[in-house]
Amino acid sequence: YSWSDQVVKKINCPNVFLFLSSFPIPSTSITSAKIQVNGVHLHYQQTGEGSHAVLLLPGMLGSGQTDFGPQLKSMNKQLFTVVAWDPRGYGKSIPPSRDFPPDFFERDAKDAVDLMQALKFKKFSLLGWSDGGITALIAAARYPNLIHKLVVWGANASVTQEDVRIYNGIRDVSKWSEKVKKPLEELYGHKYFAETCEAWVDGISRFAENSDGNICQQLLPDIKCPTFIIHGEKDPLVPQAHAEYIHKHIKGSRLLLMPEGKHNLHLRFAKDFNREVESFLR
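Source: prediction; values computed, not measured. (Residues numbered from 1 in each chain as written. Predicted model: local features only at pLDDT ≥ 70, side-chain atom pairs only at ≥ 80, totals over all residues. Heavy atoms only, no water.)

S.K.: What is the right way to look at the environment of G69 in this model?
M.R.: Of note, G69 is situated in helix α2 (residues 69-74). Between the C-alpha atom of G69 and that of H266, which follows or precedes it by 197 residues, the distance is 9.8 Å. (Helix = DSSP H or I, 4+ residues; strand = E, 2+ residues; numbered from the N terminus.)

Below is the structure:
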């Protein structure tokens, strides 16, 4: 809703008045659209009217719809303009089908930055979860003049043999909990969901063959923007050592450990998460 300055208008009827309040009521609408970026049509959702633009980057198989409901709904609409994107091959950014070449994180980082520039945001902050956190780290390092602030959680800059073991534990989506599995099956259909998950496990596991399992370790010192790393101490997918490594190698970064947090801490503890992140972004 948009409201004008206080107005009192008399209608052509005795003693009947229309009152329009001057108190602002923030827009709560969430718009969805597609825009062509780097040869593909990327889907995004947008809400809020604030001067501080924020891009939400989802995790593996993720989309704005599946990964960021509480953030799209509840982040401060007056302070922030919030954009949640579906990376190519995910969500409603299909076609193309998702694939995992050796540079897929670099490709996502360029897509994400180019999307925001196509939407006419000159500078913006990044909030990246899991794979989206890796993408955000790379984007912040590669495009320092465009990134205002950076928040990552559930992210890693390398892949260890222990990580590969964990990834293989989620390869078979039939073993996932119904709560996690159902929205993704509804979004993709079982076949695409199952095959893409297997392809992701193979794609990310290949990083373990690099020296030190490197994904983007060498880029971390290049991140100059204020950085906030959040990690759930009960995260079963990303060991805490990854968050500590990122914190150690980004100068001036802040690390927050959430004792009861798991991988989806921004969903399970959305109110606390949003409060911490908004405070950091202000």
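Next, the rest of the story.
S.K.: When you look at the packing of helix α3 (residues 104-118) against helix α4 (residues 131-142) in this model, what are you seeing that I'm missing?
M.R.: A pair of packed helices is captured by two measures, namely the crossing angle of their axes and the spacing between those axes. Interhelical geometry of α3 versus α4 gives an angle of 70° and a closest axis separation of 8 Å. Here α3 lies roughly perpendicular to α4, going by the angle between them. In this structure, the crossing between α3 and α4 has a hand that is right-handed. Residues F104, F105, E106, D108, A109 and V113 of α3 form the contact with α4, whose own contacting residues are D131, I134, T135, I138, A139 and R142. Across the contact of α3 with α4, the residue classes break down as 7 nonpolar, 1 polar and 4 charged. (Axes fitted to C-alpha atoms, helices over the stretch in contact; angles between N-to-C directions. Parallel < 35°, antiparallel > 145°, perpendicular 65-115°, else oblique. Left-handed = near helix turned anticlockwise from the far one by under 90°. Contact = heavy atoms within 4.5 Å. Nonpolar A, V, L, I, M, F, W, Y, C, P; charged D, E, K, R; others polar.)

S.K.: Could you clarify how one ought to interpret the sheet that holds strand β6 (residues 80-86) in this entry?
M.R.: Think of a sheet as strands paired side by side through backbone hydrogen bonds, with each pair either parallel or antiparallel. In spatial order, the strands read β3-β4-β6-β5-β7-β8-β9-β10; together these 8 strands make up an open sheet with mixed pairing. Edge strands, defined here as strands with exactly one partner in the open sheet, are β3 (31-37) and β10 (254-258). Going across the sheet, the axis of each strand differs from the next one's by a mean of 20°, ignoring polarity. One ladder, built from 5 bridges, connects strand β7 (residues 124-129) with strand β8 (residues 147-153); its direction is parallel. Paired with G128 across the bridge in β8 is V152. Its contacts with the sheet place helix α10 (residues 270-281) against β5 (52-57), β6, β7, β8, β9 (227-232) and β10, and it is angled at close to 155° to β8. (Pairing = 2+ DSSP bridges.)

S.K.: Where do I start with the pattern of salt bridges in this structure?
M.R.: Per the stated rule, a full pass over the model turns up 12 salt bridges. One salt bridge connects E106 with R142, and the closest N-O pair in it is separated by 2.9 Å. With E106 in helix α3 and R142 in helix α4, this pair connects stretches of sequence that are 36 residues apart. Classification of E106 as partly exposed rests on a relative accessible area of 29%. For R142, a relative accessible area of 42% puts it in the partly exposed group. Close ionic contact of K110 with D114 constitutes a salt bridge, the shortest N to O distance being 2.9 Å. Taken together, the residues K110 and D114, both in helix α3 and 4 residues apart, mark about one turn of the helix. By relative accessible area, which is 38% here, K110 ends up partly exposed. (Salt bridge = Lys/Arg side-chain N within 4 Å of Asp/Glu carboxyl O. Buried < 20%, exposed > 50% of the residue type's maximum accessible area, 1.4 Å probe, protein only.)

S.K.: Is there a simple way to think about helix α5 (residues 161-169) in this case?
M.R.: An α-helical turn contains 3.6 residues, so a residue and the one three or four places further along point in the same direction. If you check which residues of α5 are buried, you get D163, V164, I166 and Y167. Along α5, the residues classed as buried sweep out an arc of 160° about the axis, all on the same side. In α5, the exposed residues that point more than 90 degrees away from the buried face are Q161, R165 and G169. Those residues of α5 that are buried are in contact with α7 (190-205) and α8 (240-249). With a side-chain oxygen lying 3.3 Å from the backbone nitrogen of E162, the N-terminal cap of α5 falls on T160. (Arc of directions from axis to C-beta. Polar contact = N/O pair within 3.5 Å; in protein donor to acceptor, adjacent residues only side chain to side chain.)

S.K.: I would appreciate a short explanation of the UniProt feature "domain: AB hydrolase-1" (unreviewed entry) in the protein in the present structure.
M.R.: Feature annotation in UniProt assigns "domain: AB hydrolase-1" (unreviewed entry) to the following positions: residues 53-166 and 205-267. Helix makes up 38% of residues 53-166 and strand 22%. Its end C-alpha atoms lie 35 Å apart. Across residues 205-267, helical content stands at 22% and strand content at 17%; the span's end C-alpha atoms are separated by 26 Å. (UniProt positions renumbered as here; feature names shortened; annotations may be inferred.)

S.K.: I'm lost on the layout of surface pockets in this one. Help?
M.R.: To find leftover empty space, a probe the size of one water molecule is rolled over the atoms. By volume, the largest pocket is sized at about 950 Å³. Together, 30 residues line the largest pocket, and W129, V180, L237, H263 and N264 are the ones closest to its centre. Listed by contribution, the elements that provide at least two residues to the lining of the largest pocket are α1 (64-67), α5, α6 (178-188), α7 and α9 (265-268). With 4 residues, α6 is the single largest residue contributor to the lining of the largest pocket. Here the residues of the lining of the largest pocket sort into 15 nonpolar, 8 polar and 7 charged. (1 Å grid on protein atoms, 1.4 Å probe; cavity = no way out; pocket = protein on both sides within 12 Å on 5 of 7 lines; lining within 4 Å. Points joined across faces, edges and corners; volume = space filled by probe spheres on them.)

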